[in-house]
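Structural characterization, general
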Amino acid sequence: MKRVLVALLAISMAAGVLTGCGSKGSDKTFTVGFDAEFPPYGYRDDNGEYVGFDLDLAEAVIKQMGSKMEFKSMGFDALIPAVQSGQIDMIASGLSANPEREKQVAFSDVYFDKNGFVIIVNKDNDSLKDWADLEGKKVGAQVGTEPVKMIQEAKGEVKQLDSNAQAFMELRAKTLDAFVVDQPVAMFYMKQGGSEDLKIVGTPKTDVGFVFAMKKENKELQAAVNKALKELKANGEYDKIFEKWFGKAEK
């Protein structure tokens with residue numbers, strides 16, 4: 001009889017542990033992948049800490065879901081394969097919601113729609129003024145990003161680089177004629193001293209907006225992220241994070 005009671009107690013305790021793990025969101029830790037060469041969305045600050053708008057927002061979303069989060073830094077072109085293989089649970093790295101990517105991963109609702117793409121050239125370059133002028137020019141873009149396609153459409157010679165920081169260095173060294181990048185990224189670099197020898201030219205090209213991304217079949221995470229985003233926008237937390245990185249949003 002004693003053995004039966006001990007066995008029943010053990011089963012009861014095991015069931016309690018399993019139930020606890022499944023019922024509390026805080027017991028789940030999500031791994032969020034990002035590109036650490038993408039300021040102001042994700043980068044290392046002067047203290048070596050990972051910071052950025054996407055990181056702050058992703059952390060707020062996961063917290064709103066009642067779960068925990070850890071970040072994993074990797075190259076931008078490695079993010080989609082990483083979420084597909086289960087190495088990370090979600091991408092938070094200024095990912096544009098284009099049709100090609102939608103075939104590979106599931107998207108959240110758009111969380112940032114103030115983006116667009118601009119051309120950056122050296123200040124002494126007066127021949128390159130708009131998108132049509134990219135034809136035949138050597139133009140840099142971060143590997144795997146939307147600007148690669150834009151440069152190809154403009155009949156420019158694309159040089160794909162591992163990071164935006166590398167592209168800025170090559171532009172200053174004049175091994176590139178121009179560089180195409182997200183407008184907020186360009187503005188951030190200009191604010192950090194880039195405007196001394198670089199300038200933004202042409203009309204910004206609009207984009208479809210940035211989204212978080214997760215494994216195609218993970219509808220549960222997709223729904224939870226979208227719910228959390230709506231709640232953060234309703235309670236004012238989203239606006240606080242936005243203002244921290246970009247100033248007050250225009251209504």
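In this report, the structure presented in the accompanying data block is examined.

Cut-off values and rules
Think of each chain on its own: its residues are numbered from 1, step by step along the sequence as written. Given that the model is predicted, a residue must reach a pLDDT of at least 70 before its local features are reported, and side-chain atom pairs must reach 80 or more before they are shown or counted; all residues, however, enter totals for whole chains, interfaces and linings. Computation of side-chain values: all heavy atoms of the structure, hydrogens and water removed. Any two strands with at least two DSSP-identified bridges between them are counted as paired. Per the convention used, a helix needs a DSSP run of H or I reaching at least four residues, while a strand needs a run of E reaching at least two, with both numbered from the N terminus. In this analysis, axes come from line fits to C-alpha atoms, helices being fitted only over the stretch in contact, and the angle between any two N-to-C directions falls in the range 0 to 180 degrees. Centre distance within 6.5 Å is the pairing criterion for rings of Phe, Tyr and Trp, where only the six-membered ring of Trp is used; planes under 30 degrees apart are then read as stacked, over 60 as edge-to-face, and the remainder as tilted. Only protein chains enter the accessibility calculation, which uses a 1.4 Å probe; a residue is then buried when its area is under 20% of its type maximum, exposed when over 50%, and partly exposed in between. Orientation is classified from the angle alone, with under 35 degrees giving roughly parallel, over 145 giving roughly antiparallel, 65 to 115 giving roughly perpendicular, and any other angle giving oblique. Between two residues, a contact is recorded if the distance between any of their heavy atoms is within 4.5 Å. Three residue categories are used. Nonpolar comprises Ala, Val, Leu, Ile, Met, Phe, Trp, Tyr, Cys and Pro, charged comprises Asp, Glu, Lys and Arg, and polar comprises the others, including Gly. In the cavity and pocket records, a cavity denotes points on a 1 Å grid over the protein atoms alone where a 1.4 Å probe fits but cannot get out, a pocket denotes an open set with protein on both sides within 12 Å along at least 5 of 7 lines, and lining residues are residues with an atom within 4 Å of a point. Grid points are joined across faces, edges and corners, and a volume is the space filled by probe spheres set on the points. By definition here, a helix of n residues has an expected span of 1.5 Å times n minus one. Taking the helix axis as origin, the arc is that swept by the directions to the C-beta atoms.

Right, let's get into the sheet that holds strand β5 (residues 68-73). Strand order in the open sheet made by the five strands is β5-β1-β6-β13-β7, with mixed pairing throughout. Edge strands, defined here as strands with exactly one partner in the open sheet, are β5 and β7 (105-107). Direction aside, neighbouring strands of the sheet carry axes that sit 35° apart on average. Looking at chain direction, strand β6 (residues 90-96) and strand β13 (residues 210-215) are connected through four bridges and run antiparallel. When the bridges of β13 are listed, L95 appears paired with V211.

Enumeration over the complete set of coordinates arrives at 23 aromatic pairs. Judged by centre distance (5.2 Å) and plane angle (45°), the ring pair of F242 and F246 falls under tilted. Taken together, the residues F242 and F246, both in helix α9 (residues 237-246) and four residues apart, mark about one turn of the helix. The class of F242 is buried, set by a relative accessible area of 6%. Taking the relative accessible area as the measure of exposure, F246 reaches 27% and is therefore partly exposed. An aromatic cluster of at least three residues, connected via ring pairs, comprises F38, Y41, F53, Y111, F112, F210, F212, Y238, F242 and F246.

Our focus in this paragraph is the packing of helix α2 (residues 53-64) against helix α8 (residues 219-234). Relative to each other, α2 and α8 sit at 105°, their axes nearing to 9 Å. When the axes of α2 and α8 are compared, the pair comes out roughly perpendicular. Residues L57, A60, V61 and Q64 of α2 form the contact with α8, whose participating residues are V225, A228, L229, E231 and L232. Its residues placed into classes, the contact of α2 with α8 shows seven nonpolar, one polar and one charged.

Structurally, S96 can be placed in strand β6. S96 has contacts with R101, F107, F117, E146, D207, V208, G209 and F210, leaving out every residue within four places of it along the chain.

With that settled, consider empty space enclosed by the protein. As enumerated under the stated definition, the model contains two cavities of 30 Å³ or more in all. Around the largest cavity, the lining residues are F38, F76, G94, S96, R101, F117, T145, E146, P147, D182 and F210. Those elements giving two or more residues to the lining of the largest cavity turn out to be β6 and α5 (146-153). Tallied by class, residues from the lining of the largest cavity come to five nonpolar, three polar and three charged. Around the second largest cavity, the lining residues are F38, Q142, T145, P147, N164, V180, V181 and D182. Ranked by residues supplied to the lining of the second largest cavity, first place goes to strand β11 (residues 178-182) with three residues. Of the residues belonging to the lining of the second largest cavity, the class tally is four nonpolar, three polar and one charged.

What follows is about the sheet that holds strand β3 (residues 42-44). One open sheet accounts for three strands, arranged β2-β3-β4; its pairing is antiparallel. On the outer flanks of this sheet lie β2 (37-38) and β4 (50-51), each paired with one strand and no other.

Between its first and last C-alpha atoms α8 spans 23 Å; for 16 residues at 1.5 Å apiece the expected length is 22 Å, and the two agree. For α8, the complete set of buried residues consists of L221, Q222, V225, N226, A228, L229 and L232. Burial along α8 is one-sided: seen end-on, the buried residues are contained in an arc of 165°. In α8, the exposed positions that point more than 90 degrees away from the buried face belong to K219, E220, K227, K230 and A234. Where the residues of α8 are buried, they touch β1 (29-34), α2, β6, β7, β13 and α9. The positive-phi residue at the C-terminal boundary of α8 is G236, with phi of around 90°.

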